[in-house]
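Structure at a glance
The residues making up each chain are set out below.
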Amino acid sequence: MLSWHASVDDMAPTFPHPVQLLDLAFLGSPLQPDVQADLGDCLRAQLQAAENLLRPGQGQAMLVPSGVTMDATGVLSTAADYEVDYAYDDEAVITALNNMSGEIRRQAEKLRCFALGYYVRMRPEGGPQEVSLRRSTEWQQKDRTPPHGTLDAVAVDLEHRAGVAITVFMPYGWQESALFVGRPLAIPSRRRIWA
């Protein structure tokens, strides 16, 4: 069962400590405190950026992927791909995610952690199921309402050089023009950069 929260109106994240909300039992052991802090910083930045983009209202912003990286000193930097045509290229989101992953792979020795955020539709029963990537070109569709039984969500792929890789989903929706977000859910993911 999802727990919903009204998105805060200022620029602060609705979930200031999102990693602490996640059920990470599938990892087999607790996260090391420094790994948890790094993942938390990257995840909070990604979820906050998504909320800020979504707050103006349904269909008001083009849903494009973005990311953050954390260097060896703990400084966060944004990651984005501006070379693709998000407005008209149906494959733009996939291309951008691949390009950002490639850039992160090239910088891997200088990084501790990264997060890549993108938008999906999912069925929430018992955890995220039937997840499908949202295309940035969906703005052209007249009906932006999710199909019955599905939810829109922000997906964030997180990976730490310590060997932890998870994907976090934050469902979202609007009620009377107000943005509501669901408590984040996590599933295991495969390591892509530090395998």
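These lines cover the structure that appears in this document, whether it is placed above or below. Because the structure is a prediction, the values reported are computed rather than measured.

So, on to the overall build of the protein chain. Regarding its fold elements, the protein chain presents three helices and nine strands. Starting at the N terminus and ending at the C terminus, the protein chain contains elements arranged as β-α-α-β-β-α-β-β-β-β-β-β. By its C-alpha atoms, the protein chain is 45 × 40 × 35 Å across when sized along the principal axes. The buried share among the 195 residues of the protein chain stands at 45%. Distance from the positive charge centre (17 side chains) to the negative charge centre (24 side chains) of the protein chain: 3 Å.

This next bit is on the environment of Gly 28. Mapped onto the elements, Gly 28 comes out in the loop between α1 (18-21) and α2 (33-54). The exposed category is assigned to Gly 28, whose relative accessible area is 68%.

Here Thr 69 is to be found in strand β2 (residues 66-71). Relative accessible area serves as the criterion here: at 8%, Thr 69 is assigned to the buried category. The contact partners of Thr 69, leaving out residues within four places of it in the chain, are Val 75, Leu 76, Ser 77, Ile 104, Leu 111, Cys 113 and Phe 114.

A few words on the layout of surface pockets. Its boundaries defined by the atoms lining it, the second largest pocket holds a volume of some 230 Å³. Counting residues per element, the ones that place at least two in the lining of the second largest pocket are β6 (151-160) and β7 (165-175). The element contributing the most residues to the lining of the second largest pocket is β7, with four residues.

For the rest of this paragraph, the subject is the pattern of salt bridges. This structure, assessed with the given rule, holds nine salt bridges. The residue Glu 91 makes a salt bridge to Arg 135 at a minimum N-O spacing of 3.3 Å. Of the two residues, Glu 91 sits in the loop between β3 (76-79) and α3 (92-107) while Arg 135 sits in the loop between β5 (129-133) and β6, which places them 44 residues apart along the sequence. Of the residues examined, Arg 135 reaches a relative accessible area of 34% and is grouped as partly exposed. Where Asp 157 meets Arg 192, a salt bridge forms, and the shortest distance between an N and an O atom there is 3.0 Å. Here Arg 192 lies in the segment after β9 (185-188) and Asp 157 lies in strand β6, a separation of 35 residues in the sequence.

All right, on to the side chain of Asp 157 then. With relative accessibility at 6%, the residue Asp 157 sits in the buried group. Among the polar contacts made by the side chain of Asp 157, one reaches the side chain of Tyr 118 at a distance of 3.1 Å. There is a polar contact of 2.8 Å between the side chain of Asp 157 and the side chain of Thr 167. Among residues more than four places away in sequence, those in contact with Asp 157 are Phe 114, Ala 115, Leu 116, Tyr 118, Ile 166, Thr 167 and Arg 192.

Leu 39, Leu 43, Val 154, Leu 158 and Tyr 172 are the most contacted members of the largest nonpolar core, which totals 29 residues. Taken together, the elements giving at least two residues each to this core come down to α2, β2, β4 (111-123), β6, β7 and β8 (178-182). Top element by residues in this core is α2. It accounts for seven residues. Excluding its chain neighbours within four sequence positions, the residues that come into contact with Val 154 are Leu 47, Ala 50, Leu 54, Tyr 118, Tyr 119, Val 168, Phe 169, Met 170 and Tyr 172.

Trans is the common state for peptide bonds, and a negative phi is the common state for residues other than glycine. The phi torsion at Glu 176 lies on the positive side, around 50°, for a residue other than glycine. What makes Glu 176 exposed here is its relative accessible area of 80%. You will see that Ser 177, though not glycine, has its phi angle at about 70°, which is positive. You can see Ser 177 is positioned in the loop between β7 and β8.

Quick notes on the rules
Residues numbered from 1 in each chain as written. Predicted model: local features only at pLDDT ≥ 70, side-chain atom pairs only at ≥ 80, totals over all residues. Heavy atoms only, no water. Helix = DSSP H or I, 4+ residues; strand = E, 2+ residues; numbered from the N terminus. Buried < 20%, exposed > 50% of the residue type's maximum accessible area, 1.4 Å probe, protein only. Lys, Arg positive; Asp, Glu negative; His and termini not counted. Charge placed at Lys NZ, Arg CZ, Asp CG, Glu CD. Contact = heavy atoms within 4.5 Å. 1 Å grid on protein atoms, 1.4 Å probe; cavity = no way out; pocket = protein on both sides within 12 Å on 5 of 7 lines; lining within 4 Å. Points joined across faces, edges and corners; volume = space filled by probe spheres on them. Salt bridge = Lys/Arg side-chain N within 4 Å of Asp/Glu carboxyl O. Polar contact = N/O pair within 3.5 Å; in protein donor to acceptor, adjacent residues only side chain to side chain. Core = buried A, V, L, I, M, F, W, Y, C linked by side-chain atoms within 4.5 Å.

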